[in-house]
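Architecture at a glance
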Amino acid sequence: MSSKWKTRKVVIVGAGHVGSHIALCLMYGHLVNEIVFVDINPAAVEAQVMDLDDLASALGDSFIIRGGTYEDCKDAHFVVMTAGRSRRPGESRLDMMAGTLKVLQKVVDPIRESGFHGVLINVSNPCDIVTEYLYRSLDLPRTQVFGTGTSLDTARLRRILASKLGANRKQIQAFCMGEHGDSSFIPASHISVGGIPLHEYLAVSHQDIDTVDLDQTVDEVRKAGGKIVSGKGCTEFGIASVVSEIVIAVLHDEQRIMPLSVHLEGEYGAKGLAAGTPCVVGADGIEEVLQLELKPDEMVRMNNSLGVIRQNLDAINLK
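Residues numbered from 1 in each chain as written. Predicted model: local features only at pLDDT ≥ 70, side-chain atom pairs only at ≥ 80, totals over all residues. Heavy atoms only, no water.

What follows concerns the sheet that holds strand β7 (residues 172-173). Spatially, the three strands line up as an open sheet ordered β7-β8-β9, and their pairing is antiparallel. The open sheet is flanked by β7 and β9 (196-197), the only strands paired with a single partner. (Pairing = 2+ DSSP bridges. Helix = DSSP H or I, 4+ residues; strand = E, 2+ residues; numbered from the N terminus.)

Below, the structure written as structure tokens:
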């Protein structure tokens, strides 16, 4: 990615709850110079811009915050995709597929035609399906078109494990992988606390081996989003912080390992679909897609999750 694209300008497609909270996190982190909202609802754009501009004023900062068009993608460092149908109580993310793709069909051509050549971060659900759709539509390398994937699931996993173990969540290394959805799984062989493998940590901290029931834990992770949606109508804070962390990793060339949804080119024996796996994130987006060594039972779960994604991709007949 040429340095001429590194403008610290972000275009957020979708001016709803998620888009506005992403802008909020970026502003509080002083991460970008310009935030542009693009949405089919001009009244929503105007309201979000005014409200966030008040925040900028209160902070004493000189952010540029405005509404715009897809032409603004031309020199954007980042495009963050949040457009699509909202998740309703009781629905899975896959239930949103038809409605979201209908919206995105009107979005991809203008972004591509703008000459955008920066980093596109997809948030829209179902994340893996949409990420693959965007990757195939935008003629950019997979390193620059990827989704938040299982990063939010991973944040929830660390929160839940910290509670079960009585440990600081910053000390917990663990990933969710596969679909950002009901077939996600936890590779238990890669869980550690402060660098100590989980089974060893339980022993040295004098905790029962059954302290962490991983089947129960993955079930809690999978149901967390639905529980939040049922209680307040949407999820917004967690995913906004995930996007902010991705932006930080790119801007500071951190070479940070994050579980993201990326187009697979043979990793885990899969091609032609996007799924969540740990990736190295740096200045050019995804610097490397990591293929973890999974135990046989973990590989079965990965294959199952990849199968769910494949089945739904085949159902919509992506070209």
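Take the pattern of salt bridges next. Under the definition given, this model contains 14 salt bridges. Note that arginine 66 is salt-bridged to aspartate 72, the shortest N-O span being 2.5 Å. Looking at arginine 66, the relative accessible area reads 28%, which means it is partly exposed. The partner of lysine 232 in a salt bridge is glutamate 236, and the shortest N-O contact between them spans 2.6 Å. (Salt bridge = Lys/Arg side-chain N within 4 Å of Asp/Glu carboxyl O. Buried < 20%, exposed > 50% of the residue type's maximum accessible area, 1.4 Å probe, protein only.)

Turning our eyes to something else, we now look at helix α10 (residues 296-316). Compared with an ideal rise of 1.5 Å per residue, which puts 21 residues at 30 Å, α10 spans 31 Å between its outermost C-alpha atoms and is within 8% of the ideal. Among the residues of α10, those classed as buried are Glu298, Met302, Ser305, Leu306, Ile309, Asn312 and Leu313. In an axial view of α10, the angular spread of the buried residues amounts to 120 degrees, which keeps them on one side of the axis. In α10, the exposed positions that point more than 90 degrees away from the buried face belong to Pro296, Val300, Gln311, Asp314 and Ala315. (Expected span 1.5 Å × (residues − 1). Arc of directions from axis to C-beta.)

Once that is clear, we can look at the side chain of threonine 150. Mapped onto the elements, threonine 150 comes out in the loop between β6 (145-147) and α6 (151-165). Polar contacts involving the side chain of threonine 150 include one to the main-chain carbonyl oxygen of cysteine 176, which spans 2.7 Å. Not counting residues up to four positions away in its chain, the partners in contact with threonine 150 are Cys176, Met177, Gly178, Glu179, His180, Pro259 and Gly276. (Polar contact = N/O pair within 3.5 Å; in protein donor to acceptor, adjacent residues only side chain to side chain. Contact = heavy atoms within 4.5 Å.)

Moving on, we come to the nonpolar core. By size, the foremost hydrophobic cluster in this structure holds 58 residues, and its most contacted members are Ile22, Ile35 and Phe37. Here this core takes 10 residues from helix α9 (residues 237-251), the largest share from any one element. When sequence neighbours within four positions are dropped, the list of residues in contact with isoleucine 22 reads Ile12, Val80, Thr82, Val123, Ala240 and Val243. In terms of nonpolar packing, the next biggest core, distinct from the first, is built from 24 residues, Ala76, Leu104, Val108 and Ile111 among them. (Core = buried A, V, L, I, M, F, W, Y, C linked by side-chain atoms within 4.5 Å.)

So, about a negative patch on the surface. Negative charge collects at one region of the surface, where Asp208, Asp210, Asp213 and Asp215 lie side by side. For aspartate 210, the location among the structural elements is in the loop between α7 (198-204) and α8 (214-232). Note on aspartate 210: relative accessible area 63%, which makes it exposed. (Patch = residues over 30% accessible without salt bridge, like charges linked within 9 Å, V, L, I, M, F, W, Y side chains within 5 Å. Areas by Shrake-Rupley, 256 points an atom, 1.4 Å probe, with all protein chains shown as cover. Lys, Arg positive; Asp, Glu negative; His and termini not counted. Charge placed at Lys NZ, Arg CZ, Asp CG, Glu CD.)

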